[in-house]
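# Topology and contacts: notes
In case you want the letters, here they are:
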2 protein chains.
Amino acid sequence: MEFKRKPKKRGKGKATKFFEVVYLPDEKKATIEKGVTLLEAAGIAGVHINNVCGGQGVCGKCKVKISGSTVADRSKYFSILSKEELQEGYILACQTPVEGNVEVEIPPESRMEGEQILTEGGAVAYSEPAYVERHPQEEAKVPFYSPLTSKVYLQLPHPSLKDNLSDLDRIYRELRRKWDIPVLDIDLDVIQRLARLLRQSDWKITVTLGREPQGLRILQVEPGDTSKKNFGVAVDVGTTTVVVQLVNLVTGQVVASYASHNSQIRYGEDVISRMIYACDTANGLGPLNQAVIGNINELIQRLVRSEGVSLEDVTAILVAGNTTMTHLLLGLEPCFIRLEPYIPTADTFPVLKAAEAGIRINPYGLLACMPGVSSYVGGDITAGVLASGIDDSSHQSILIDIGTNGEIVLGNNEWLVCCSASAGPAFEGGGTKCGMRAVEGAIQSASISDGQVEVSTIGGAKPLGICGSGFIDIIGGLFENALIHPDGKFDMDQANGRLKKTEEGVEFVLVFGKESGTGKDIAVTEFDISNLIKSKAAVFAAARVLVRSVGLDFSAIDRVFVAGGFGNYLNIEKAITIGLLPDLPLDRFQFIGNSSVAGARIALVSNHAFEKAETVAKKMTYFELSVRTDFMDEFIAALFLPHTNQKLFPTVMGRGIAG
Amino acid sequence: MEFKRKPKKRGKGKATKFFEVVYLPDEKKATIEKGVTLLEAAGIAGVHINNVCGGQGVCGKCKVKISGSTVADRSKYFSILSKEELQEGYILACQTPVEGNVEVEIPPESRMEGEQILTEGGAVAYSEPAYVERHPQEEAKVPFYSPLTSKVYLQLPHPSLKDNLSDLDRIYRELRRKWDIPVLDIDLDVIQRLARLLRQSDWKITVTLGREPQGLRILQVEPGDTSKKNFGVAVDVGTTTVVVQLVNLVTGQVVASYASHNSQIRYGEDVISRMIYACDTANGLGPLNQAVIGNINELIQRLVRSEGVSLEDVTAILVAGNTTMTHLLLGLEPCFIRLEPYIPTADTFPVLKAAEAGIRINPYGLLACMPGVSSYVGGDITAGVLASGIDDSSHQSILIDIGTNGEIVLGNNEWLVCCSASAGPAFEGGGTKCGMRAVEGAIQSASISDGQVEVSTIGGAKPLGICGSGFIDIIGGLFENALIHPDGKFDMDQANGRLKKTEEGVEFVLVFGKESGTGKDIAVTEFDISNLIKSKAAVFAAARVLVRSVGLDFSAIDRVFVAGGFGNYLNIEKAITIGLLPDLPLDRFQFIGNSSVAGARIALVSNHAFEKAETVAKKMTYFELSVRTDFMDEFIAALFLPHTNQKLFPTVMGRGIAG
């Protein structure tokens with residue numbers, strides 16, 4: 001299930017020529033070498049062009065129009081654009097090397113992710129997982145300095161001949177009067193300003209404390225009482241999507257959330273192709289690192305601007321990501337993750353100054369990363385365990401995290417096992433004709449009945465595309481209505497005005513152009529369905545192999561936590577119908593949304609939770625699926641709706657859908 | 001006993017003019033504003049001109065000749081130069097503002113400290129204190145990682161599918177297999193290079209570990225086995241003198257030692273005047289900080305060059321200094337040390353990257369500073385306690401550290417008290433006509449008998465001047481021979497060809513010009529003797545007040561450790577004769593040399609010792625002499641040879657010297 005691709009090589013030994021590319025409507029410009037693609041040049045110009053396949057010419061999301069004939073148009077060789085689109089002058093930016101000065105017009109649907117939706121403030125609300133509800137009680141047990149950083153207001157006694165402690169010891173003494181802190185440390189530049197600051201503030205100061213392995217570090221001393229202004233950022237760095245939450249570290253509450261595409265996508269759609277880019281391209285790590293740091297900085301900027309928070313008051317950031325994403329974020333070479341025996345540079349990461357990693361918050365602020373388990377089960381999954389509370393319960397639970405990678409954790413408070421399978425980007429809106437992320441305008445649910453289709457979009461806007469949860473609903477609905485066969489092919493015998501034959505094959509139109517937000521039909525193709533079936537098969541097969549590897553059967557699982565970037569909604573029943581989730585009673589399921597960012601937030605506000613994550617990461621046993629022969633068998637068996645072994649889905653079969 | 005001086009103010013509002021100053025014989029140049037003194041310009045040109053009074057025009061050490069009439073000569077207003085010197089064209093560089101382009105010739109005696117002696121490798125050997133001898137046994141008890149930094153060679157098992165720990169955890173596991181290390185940490189930039197380095201070195205690496213409060217930090221990972229190449233530097237930053245020792249951290253042995261003047265001296269001769277400069281001059285802290293950092297860097301450069309050690313292999317530096325020196329070294333404002341209630345910014349200091357403080361060793365190397373007790377009892381004294389072993393013994397001991405400040409520690413393994421008095425620079429060769437530091441050519445001992453004088457110099461060279469131990473011998477000898485009265489005035493009734501009346505008063509010639517290394521008479525003046533009496537009185541009074549403050553008498557003291565920058569030699573008997581040291585049996589005394597650098601070295605090679613120093617610093621009780629009325633009484637009573645109360649010196653009196 002790995003989507004490998006070779007890094008592009010450019011011609012060597014030719015004389016270098018430079019051209020100017022202007023992107024409309026914003027008139028942003030890039031000066032680039034001959035041969036650079038329009039998509040790459042857009043990155044240089046700081047222009048976002050939609051693109052989920054990593055520039056492979058297969059997603060068709062980067063279509064643009066150009067003026068000037070100085071661009072070699074190779075897009076005709078790709079079947080992804082329709083005849084109409086080609087006639088209208090569309091080309092694929094990713095497949096078009098620049099061969100002269102050129103103006104590029106980006107149509108709305110090719111820029112909606114980066115510009116239209118997100119810039120206009122389409123904050124996404126995420127489901128609160130079970131653990132978060134329990135959190136306040138947990139918190140009561142842990143000492144005051146539980147967040148990654150905390151601020152405390154101190155009124156120090158004035159020094160005298162009888163009380164002549166040094167300035168620093170005066171602060172240490174006051175802190176230790178309040179709390180039992182084994183080790184206190186401080187940075188040189190903070191001490192350097194201490195003497196004057198204490199006297200100018202009449203010994204009334206606010207101290208920002210940062211978590212250290214055995215104690216606390218004084219990160220900052222401010223005059224007066226600023227203890228009520230302390231914020232942190234929880235981040236989920238997904239392969240496809242970056243999600244940030246601004247958290248008030250005084251109250252523990254989420255102030256706002258934003259999300260954007262992971263800009264690394266221009267270097268490859270999945271972790272494998274990004275590793276190849278990072279390791280096989282000269283200085284390939286730099287652009288990947290800068291891409292995600294840029295995403296995070298941009299999202300933080302938007303958070304603080306929209307909420308009127310000063311960047312100075314953001315003193316902590318806690319990031320959860322898979323192992324490759326965390327490596328790229330920290331500038332660690334991910335080269336040996338990909339090669340047997342699959343060794344990451346690190347699974348646990350020291351707490352850093354955020355500035356060291358290039359992240360712009362308070363210059364003294366800290367950056368922590370969730371600890372991971374192995375090369376293919378990272379901090380995002382540890383975060384998911386934290387958020388689901390699996391490890392707190394004596395019940396046997398399974399966590400299924402559905403994203404570009406599907407990660408599964410099984411266990412209870414005594415043992416935990418996990419595995420990972422590459423699922424591709426279909427659940428996040430990639431690799432499909434009208435796919436998009438779960439943001440405003442995305443069809444997140446759909447019902448199909450008697451040839452009628454009803455859709456609902458995020459934010460209630462006119463539909464722009466289909467996100468992961470929408471696809472599950474649609475394919476489930478098509479299958480329930482026998483409009484597709486178990487192999488995912490359309491039943492062409494059924495008379496239905498929505499079934500359309502195009503040059504690219506058959507597609508099912510959900511929303512006709514006159515009703516859509518793009519003016520074009522929103523449809524699912526047989527190719528889309530085939531992609532989604534592959535993705536769901538990978539996830540289901542991984543879960544089944546893991547459950548069986550510990551001698552259990554799905555029926556022994558008490559609770560199923562389903563996580564993923566599906567916005568607020570996932571129709572569990574439909575997910576069972578298509579064979580993504582096991583056929584268990586619905587009351588055993590809980591959809592917990594983006595459990596990675598939720599776990600990051602929990603670890604951000606609670607040191608106790610962060611330490612628990614470290615324990616979880618150490619205790620989890622990783623199963624490497626690529627060396628298991630049964631995984632490929634299970635995968636192939638799952639490439640049907642719901643499954644080749646229908647006995648595994650008695651409820652679905654009982655509804656008389658297929659067979 | 002404070003030598004205060006106002007910082008110089010330069011005219012404002014005038015048009016700025018720039019002139020060039022050329023220093024001969026080296027032809028070094030400085031371009032400076034009108035009004036800058038020749039001494040200040042020398043600092044800018046990187047030329048060392050001897051100067052111990054901090055540019056106050058009283059030590060006469062900075063005399064130079066100039067060509068060109070564009071310099072306002074104000075030195076005639078100062079009585080320090082002889083009529084002959086003025087006739088020969090000498091002026092005082094510190095008192096001569098530049099008013100045009102000028103060439104300056106520096107005579108040998110004005111540049112001998114910085115250029116002649118030290119550049120030619122006049123390493124000074126220091127006495128090894130008692131503790132150092134005991135050290136190897138102590139060391140056996142403490143774990144392997146006892147030095148501030150240590151290197152360890154690891155051959156890591158190759159990773160496999162069954163042993164798939166991350167690179168970092170593989171190193172951690174190997175370290176923990178060998179030793180029980182509670183907390184391990186690492187810097188980001190070291191992790192960033194890890195993956196490639198491990199594989200290129202075939203998993204054979206040397207890890208440099210640094211001491212942290214609760215564990216160790218990996219500072220550096222090198223390919224192959226470099227574990228035998230690890231060096232540290234122990235430093236004593238004295239107010240007048242900076243001493244460095246290169247220590248082999250594998251064997252614990254001292255490789256070489258060097259010393260130089262503390263260049264801060266151009267901003268003031270004692271800590272008080274330097275604090276005033278740092279705090280009352282705009283950006284005054286910067287030059288003081290850079291001066292001492294420059295000294296240390298220069299001395300380290302000389303150490304590594306002379307010993308053929310790579311700077312990369314110097315991974316640690318441990319500095320002992322008084323509280324003001326440590327503040328200036330770390331760039332901490334020393335402004336409130338000087339003002340009641342005398343509060344330093346810090347008494348304990350975090351372990352830093354040496355590079356953070358501007359110190360050039362291995363870029364990952366660490367800098368630690370000895371913890372101090374109060375504003376006037378600093379890390380140099382904690383180091384002295386460590387070196388003398390006072391706190392290990394049930395005997396009552398006193399440590400008398402004689403330098404620009406005189407610090408006294410009294411106690412045993414149960415209690416420790418301490419105090420400090422400003423003694424002035426006389427014991428380090430400052431504030432006297434022919435004074436110099438204890439380097440090659442300095443008269444370190446002298447005997448006077450029947451009008452005959454015999455002197456011996458450090459290194460056996462022709463005498464260039466008199467260092468502290470020489471002064472003690474000379475004044476003791478003059479007093480024993482009744483050539484001076486108890487008030488320090490010469491007995492002019494005695495016929496002695498060495499007693500000479502000059503414009504500046506009476507002086508006693510030790511070495512006539514034809515036998516000296518400078519071609520000029522080497523003599524002590526009544527002014528010199530008066531200075532030294534003030535210095536010895538301050539030290540003795542401080543010791544007596546401290547002993548009495550705990551209800552004891554000198555006779556109850558079992559051991560007297562005498563420390564100070566006297567080179568290898570101090571005549572204890574003569575020091576008793578002049579009333580510097582108490583009149584106790586000679587076998588109770590031990591001269592331990594520079595105990596500050598010795599203690600720094602002990603703490604550098606032994607974490608156990610460093611932690612002990614922290615305990616010592618916490619447990620020591622500081623007596624502030626400035627608020628005690630009995631100190632001034634004791635000081636005045638001690639302004640005679642040996643003392644106004646002759647009963648305190650029965651042995652001296654018994655020899656029938658005075659009275």
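Remember, predicted model here, so these are calculated numbers, not experimental data.

## Structural notes on the interface of chain B and chain A
Contact with chain B, which involves 41 residues of that partner, is made by 42 residues of chain A. Approximately 3,700 Å² of surface area, both sides summed, lies buried where chain B meets chain A, with 64% of it carried by carbon and sulfur atoms. Inspection of the chain B/chain A interface yields two salt bridges. A salt bridge links Glu 333 of chain A to Arg 196 of chain B; the nearest nitrogen and oxygen atoms lie 2.6 Å apart. Our count for the contact surface shared by chain B and chain A stands at ten residue pairs in polar contact (both at pLDDT 80 or more). Elements with a contribution of two residues or more to the side of chain B that touches chain A: α5 (167-178), β7 (183-186), α6 (188-192) and α7 (194-200) of chain B. Per-element accounting of the side of chain B that touches chain A gives the leading share, four residues, to α7 of chain B. Considered class by class, the residues forming the side of chain B that touches chain A number 23 nonpolar, eight polar and ten charged.

## Notes on the sheet that holds strand β18 (residues 416-422) of chain A
Residue and element names in this part refer to chain A. Strands sit in the order β26-β25-β16-β17-β18-β27 across an open sheet of six strands; the sheet is mixed. Strands at the two margins of the open sheet, each flanked by one partner only, are β26 (589-593) and β27 (621-622). Two strands pair when backbone bridges link them, and β18 and β27 are joined in this way by two bridges, in the parallel orientation. Bridge pairing in β27 places Cys 418 opposite Tyr 622.

## Things to note about helix α9 (residues 285-307) of chain B
The end-to-end C-alpha separation of α9 of chain B is 33 Å, in line with the 33 Å expected for 23 residues at 1.5 Å each. Among the residues trailing α9 of chain B, Gly 308 of chain B stands out with phi positive, at a value near 65 degrees.

## So, the pattern of salt bridges
Here the structure, examined in full by the defined rule, presents 44 salt bridges over all chains. As a salt-bridge pair, Asp 187 of chain A and Lys 353 of chain A come within 2.3 Å of each other at their nearest N and O atoms. Linking Asp 187 of chain A in the loop between β7 (183-186) and α6 (188-192) with Lys 353 of chain A in strand β14 (residues 352-353), this pair joins segments that are 166 residues apart in sequence. Residue Asp 187 of chain A is classed as buried on the basis of its relative accessible area of 14%. Two residues, Asp 630 of chain B and Arg 628 of chain B, come together in a salt bridge whose shortest N-O distance is 3.3 Å.

## Focus: the packing of helix α8 (residues 271-280) of chain B against α9 of chain B
Residues and elements named next belong to chain B. Running from N to C, α8 and α9 point in directions that differ by 130 degrees, and their axes come no closer than 7 Å. The angle between α8 and α9 places the two elements in the oblique class. Taken together, the residues of α9 that come into contact with α8 (itself represented by Arg 274, Tyr 277 and Ala 278) are Leu 285, Pro 287 and Leu 288.

## Quick notes on the environment of Asp 185 of chain B
Relative to the helices and strands, Asp 185 of chain B is located in strand β7. Taking the C-alpha atoms as reference points, Asp 185 of chain B and Tyr 172 of chain B, 13 residues apart in sequence, are found 9.3 Å from one another. Contact partners of Asp 185 of chain B, with chain neighbours within four places excluded, come to Pro 213 and Pro 350 of chain A together with Tyr 172, Leu 216, Arg 217 and Ile 218 of chain B. Separated by 3.4 Å, the side chains of Asp 185 of chain B and Arg 217 of chain B make a polar contact.

## What about the relation of the copies chain B and chain A?
The two copies are related by a screw operation: chain B maps onto chain A through 179 degrees of rotation and 0.0 Å of translation along the axis, at an RMSD of 0.1 Å. Each copy turns onto its partner about a two-fold axis. Considering only C-alpha atoms, the residue of chain B closest to the rotation axis is Gln 214 of chain B, which sits at 3.4 Å. Take the interface residues of chain B: 100% of them recur as interface residues in chain A, which is what a same-surface contact looks like.

## Notes on the state of the cysteines
Residues and elements named next belong to chain A. Considering all chains together, one arrives at two disulfides over all chains under this definition. The residue that forms a disulfide with Cys 279 is Cys 335, at a sulfur-sulfur distance of 2.1 Å. Since a negative S-S torsion denotes a left-handed disulfide, the Cys 279-Cys 335 link at about -95 degrees is left-handed. One end of the pair, Cys 279, is in helix α8 (residues 271-280); the other, Cys 335, is in the loop between α10 (323-330) and β14, and 56 residues separate them in sequence. With a relative accessible area of 6%, Cys 335 lands in the buried category. Free cysteine: Cys 369, not disulfide-bonded; nearest cysteine sulfur from Cys 335 at 18 Å.

## Let's talk about the sheet that holds strand β2 (residues 28-33) of chain B
Residues and elements named next belong to chain B. The five strands lie next to each other as β2-β1-β5-β3-β4, forming an open sheet whose pairing is mixed. Two strands lie at the open edges of the sheet, namely β2 and β4 (90-92), each paired on one side alone. In this sheet, neighbouring strand axes are inclined to one another by 40 degrees on average, regardless of whether the strands run parallel or antiparallel. On top of the sheet, helix α1 (residues 38-45) reaches β1 (18-24), β2, β3 (63-67), β4 and β5 (102-105); it is set at about 120 degrees to β2, its chief contact.

## Notes on the packing of aromatic side chains
Taken as a whole, this structure holds nine aromatic pairs over all chains when the rule is applied. Measuring from centroid to centroid gives 6.2 Å for Tyr 342 of chain B and Tyr 376 of chain B, while their planes differ by 70 degrees, and the two rings are edge-to-face. Pair noted here: Tyr 342 of chain B is in the loop between α10 (323-330) and β14 (352-353) and Tyr 376 of chain B is in the loop between β15 (366-369) and α11 (379-388), with a separation of 34 residues, a long-range link. Ring geometry for Phe 540 of chain B and Phe 649 of chain B: centres 5.4 Å apart, planes at 40 degrees, overall tilted. Of this pair, Phe 540 of chain B sits in helix α13 (residues 526-549) while Phe 649 of chain B is found in the loop between α17 (629-637) and α18 (650-654), placing the two residues 109 residues apart along the sequence. Each member of the pair, Phe 540 of chain B as well as Phe 649 of chain B, is classed as buried. These aromatic residues form a ring-pair network of at least three members: Phe 540, Phe 554 and Phe 649 of chain A. Cation over ring: Lys 65 of chain B sits above Tyr 90 of chain B, and NZ or CZ is 5.3 Å from the ring centre. In this structure, Arg 302 of chain B is placed above the aromatic ring of Tyr 258 of chain B, and the distance from its NZ or CZ to the ring centre is 4.5 Å.

Rules of the game
Residues numbered from 1 in each chain as written. Chains lettered and ligands numbered in written order. Predicted model: local features only at pLDDT ≥ 70, side-chain atom pairs only at ≥ 80, totals over all residues. Heavy atoms only, no water. Contact = heavy atoms within 4.5 Å. Buried area = accessible area lost by both parts, 1.4 Å probe. Salt bridge = Lys/Arg side-chain N within 4 Å of Asp/Glu carboxyl O. Polar contact = N/O pair within 3.5 Å; in protein donor to acceptor, adjacent residues only side chain to side chain. Helix = DSSP H or I, 4+ residues; strand = E, 2+ residues; numbered from the N terminus. Nonpolar A, V, L, I, M, F, W, Y, C, P; charged D, E, K, R; others polar. Pairing = 2+ DSSP bridges. Expected span 1.5 Å × (residues − 1). Buried < 20%, exposed > 50% of the residue type's maximum accessible area, 1.4 Å probe, protein only. Axes fitted to C-alpha atoms, helices over the stretch in contact; angles between N-to-C directions. Parallel < 35°, antiparallel > 145°, perpendicular 65-115°, else oblique. Least-squares fit on C-alpha atoms with pLDDT ≥ 70 in both. Disulfide = S-S within 2.5 Å. Phe/Tyr/Trp six-rings, centres within 6.5 Å; stacked < 30°, edge-to-face > 60°. Lys NZ or Arg CZ within 6 Å of the ring centre and 35° of its normal.

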